[in-house]
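Residue strings, one per chain:
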Amino acid sequence: MFNLRPRLLYLTLAIGTLVSGLSYAVVQTPQAGSRVEVFRLDPVHCMAMFRVHHQGAGQFWGRFNDVTGTVDYPRDDSVAPVFDVAVNVGSIDTGTTKLDRTLIGPDFFNGREFENITFKSTSAERVDERQWKVDGELTLLGKTKPVTAMVEVTGVRGNPVVAKAGWEAIFTIKRSDFGMNWGVENGSLGDEVRLVIGLEGESGPPAKK
Amino acid sequence: MPIGQILLTIGLPALIGALFIIPAWVLPKFRYTAGIAGSALGVALGLALVVSFMVEAGVPSLPPAQKWHMLPVLACGITLLCPIIAMVDGSGEIGRWLIAIGSGGIIGWLAIFPGMDLLLQILLGVWIALSFISLSWVSHRRRGLTVNLAYTIVFTGVSILCMETKFITLTLIAGALAATSGVAFASALVAIIWTRDQEDKRRAIAIGWGGAFSLAAIVPLVAFCGWAYNLGEVQWFHWLLVCSAPMLLGLFELPGLHQLKYGTGFVLRITAVIIPVVLAIILLYSGAPLEGDDGGYNLNDYESAIMP
């Protein structure tokens, strides 16, 4: 008697292997396409770090943990990423609670009045493969000023339906331009602040909570 | 924070204040002119606020870029109004009430700090009005020594509260106001020791309606500002205890108490002011401290948080 079961099993295994292999190939090399997708930023994997010169001595680092927004970007890097990012002032984290509160306070970020720091890109210029010079408008303490960020696309990974992409933006501002003057005049805190923004976003349908 | 910066922010306003207060209260040429002697403290305090703000935060813009930047703008107005109010000193109850209602109404309308609704604006206005009525009354009965020492203590208390709200600039502004009040106290002391009035008595000069107006406006303004931006453990009752302490001076002008001997009366009045200030500070520091200094944020803060 001819037994169908082992053959069916082998066939199923073969199809399964083929599908898995194809899926793996798709995941490793994202489908090239110039379609611009909207990547929603994932607050868990995004951060904004800032560096300021403290009392003319060391460079002090702090970070904001709550970064949200979107990046419009095609996976093939054919068009510049378009950023619309908000950083929640209340998520500041220096490692010291008391210092965090001072920085959220009116002497610095004034979180009571200005909940977010925002960046919206306005134009961009390609520097190299996956590297862009992005011009945009930074709003801090209610003042909007143009800034230029050097952006590196740190990676894109996904399948035809959903993808993850990452960007790292570095730029420097003068905080006094935005009215954050405390310590500038006497040099207790530097005026120039370097910002390093690490972003990761996901395209496709929104994840279920 | 560099010590030089603290000295500049607190010392410079006090020095400028001294340039107004000392001549006005010590030199016989000025001390009997109500418009000068009665406005010196008010002008000195208003300028102290403006100068200390400018040293710390720069020149304020108009309209103010941030809500708390309204403080130096209002202080400029207070400084300019002080000589006018000092000149109408003693114009009677109608003048007193008009100034009280006018100043309370205008400042309460203009000073909108975060979290302040109409009710709180009215409360600020009423506080300023009542403070002026009380202080203008006391200022006629009590010479500069008591009132100035009382306000040196109060502004020192306010500075401690501001420090605990994590508001550096306001801490230094309150420090500058305390130092200026201290200069006024010292000037009053000098006036008592080295000068004699028209009746050949050793007397300090009264703060006048100008001084009363400035104190009545600045103390509640600084308190509301500190309360609005509090990021520490300072509660409303800490502000109330410290900032309403000078109102107790009014109690000692009631019949039965105002006839105390000078030394006894002075000690009792100052003790009455110190007690609520010290009580507020004890309550503040004996309360729950800030959570540990480990910093960082809790992943639970974000509903969507998932571990990688």
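Definitions and limits used
Residues numbered from 1 in each chain as written. Chains lettered and ligands numbered in written order. Predicted model: local features only at pLDDT ≥ 70, side-chain atom pairs only at ≥ 80, totals over all residues. Heavy atoms only, no water. Helix = DSSP H or I, 4+ residues; strand = E, 2+ residues; numbered from the N terminus. Buried < 20%, exposed > 50% of the residue type's maximum accessible area, 1.4 Å probe, protein only. Contact = heavy atoms within 4.5 Å. Areas by Shrake-Rupley, 256 points an atom, 1.4 Å probe, with all protein chains shown as cover. Pairing = 2+ DSSP bridges. pLDDT = per-residue confidence, 0-100. Axes fitted to C-alpha atoms, helices over the stretch in contact; angles between N-to-C directions. Parallel < 35°, antiparallel > 145°, perpendicular 65-115°, else oblique. Left-handed = near helix turned anticlockwise from the far one by under 90°. Phe/Tyr/Trp six-rings, centres within 6.5 Å; stacked < 30°, edge-to-face > 60°. Nonpolar A, V, L, I, M, F, W, Y, C, P; charged D, E, K, R; others polar. Disulfide = S-S within 2.5 Å.

A. Representation of the overall build of chain A. When its secondary structure is counted, chain A shows two helices and eleven strands. Put simply, chain A runs from its N terminus to its C terminus through helices and strands in the order α-β-β-β-β-β-β-α-β-β-β-β-β. Every one of the 209 residues in chain A was classed for burial, and the buried ones make up 40%. Taking the contacts inside chain A whose residues are at least 6 apart along the sequence as the reference set, 57% of them involve residues at least 24 apart. Split by element, the accessible area of chain A, about 11200 Å² in all, is 56% carbon and sulfur.

B. Seen up close, the overall build of chain B. In terms of helices and strands, chain B carries twelve helices and zero strands. In chain B, the order of α-helices and β-strands from amino to carboxyl end is α-α-α-α-α-α-α-α-α-α-α-α. Of all intrachain contacts in chain B linking residues separated by at least 6 positions in sequence, the fraction that spans at least 24 positions is 80%. Surface accessibility of chain B: about 13300 Å² in total, with carbon and sulfur atoms responsible for 73%.

C. Summary view of unusual backbone geometry. The omega torsion across B:Leu62 and B:Pro63 is -5 degrees, close enough to zero to call that bond cis. Checked against the element boundaries, B:Pro63 lands in the loop between helix H3 (34-57) and helix H4 (70-87). Within the chain, A:Asp77 stands out as a residue other than glycine whose phi angle is a positive 65 degrees. Looking at where A:Asp77 falls in the secondary structure, it is placed in the loop between strand E4 (67-74) and strand E5 (82-88). We classify A:Asp77 as buried; its relative accessible area is 3%. The backbone of A:Arg130 sits at a positive phi, close to 60 degrees, despite the residue not being glycine. By secondary structure assignment, the location of A:Arg130 is in the loop between strand E7 (116-128) and strand E8 (131-140).

D. Region of the structure containing the pairing of strand E9 (residues 143-158) of chain A. Residue and element names in this part refer to chain A. With ten bridges joining them, E8 and E9 adopt antiparallel strand pairing. Following the sheet pairing, Thr139 is matched in E9 by Thr144. Bridge analysis of E9 against strand E10 (residues 163-174) gives eight bridges, and the strand direction is antiparallel. Bridging from a neighbouring strand, Arg157 pairs with Lys164 of E10.

E. Expanded view of the confidence of the model for chain B. All names here are of chain B. Considering every residue of chain B, the mean pLDDT works out to 84; 89% of them sit at 70 or more. For the stretch residues 290-308, pLDDT sits under 50, and the model shows 33 contacts to residues farther than four places along the chain or on other chains. In the predicted assembly, ipTM is 0.81 and pTM is 0.84.

F. How the structure looks around the packing of helix H7 (residues 144-164) of chain B against helix H9 (residues 208-228) of chain B. Residues and elements named next belong to chain B. Contact pair H7 / H9: the axes reach a minimum separation of 11 Å and the direction vectors enclose 15 degrees. In terms of their interaxial angle, H7 and H9 are classed as roughly parallel. As H7 packs across H9, the resulting crossing turns out to be left-handed. Along its contact with H7, which presents Val147, Tyr151, Phe155, Val158 and Cys162, the element H9 presents Leu215, Ile218, Val219 and Val222.

G. Expanded view of the packing of aromatic side chains. All names here are of chain B. Counted according to the given criterion, the structure contains 17 aromatic pairs over all chains. A centroid spacing of 6.3 Å and a plane angle of 65 degrees characterise the contact between Phe224 and Trp227, whose relative ring orientation is edge-to-face. Placement of both Phe224 and Trp227 in helix H9 is noted, with a separation of three residues, approximately one turn of the helix.

H. Inspection of the packing of helix H10 (residues 236-243) of chain B against helix H12 (residues 262-286) of chain B at higher detail. Residues and elements named next belong to chain B. Viewed as axis vectors pointing N to C, H10 and H12 meet at an angle of 160 degrees, and their least axial separation amounts to 7 Å. In terms of orientation, H10 lies roughly antiparallel with respect to H12. For the pair H10 and H12, the crossing hand works out as left-handed. Only Pro276, Val277, Leu279, Ala280, Leu283 and Leu284 of H12 make contact with H10, whose side of the interface consists of Phe237, His238, Leu241 and Val242. Residue classes in the contact of H10 with H12 are distributed as nine nonpolar, one polar and no charged.

I. Geometry of the environment of A:Arg101. Residue and element names in this part refer to chain A. In this fold, Arg101 is placed in helix H2 (residues 97-104). Residue class for Arg101 comes out buried when judged on its relative accessible area of 16%. With 65 residues separating them in the primary sequence, Arg101 and Val36 have C-alpha atoms 40 Å apart.

J. The arrangement of the state of the cysteines in detail. For the structure shown, the criterion picks out zero disulfides over all chains. No disulfide involves B:Cys82; its nearest neighbouring cysteine sulfur is the one of B:Cys76, lying 12 Å away.

K. How the structure looks around the pairing of E5(A). All names here are of chain A. Among the seven residues of E5, five are classified as buried, and the element is accordingly described as predominantly covered. When E4 meets E5, the two strands line up antiparallel, connected through six bridges. Along E5, the bridge assignment pairs Asp72 with Val82. Where E5 meets E7, five bridges bridge the pair, whose relative direction is antiparallel. Bridging across to E7, Val85 finds its partner in Phe119.

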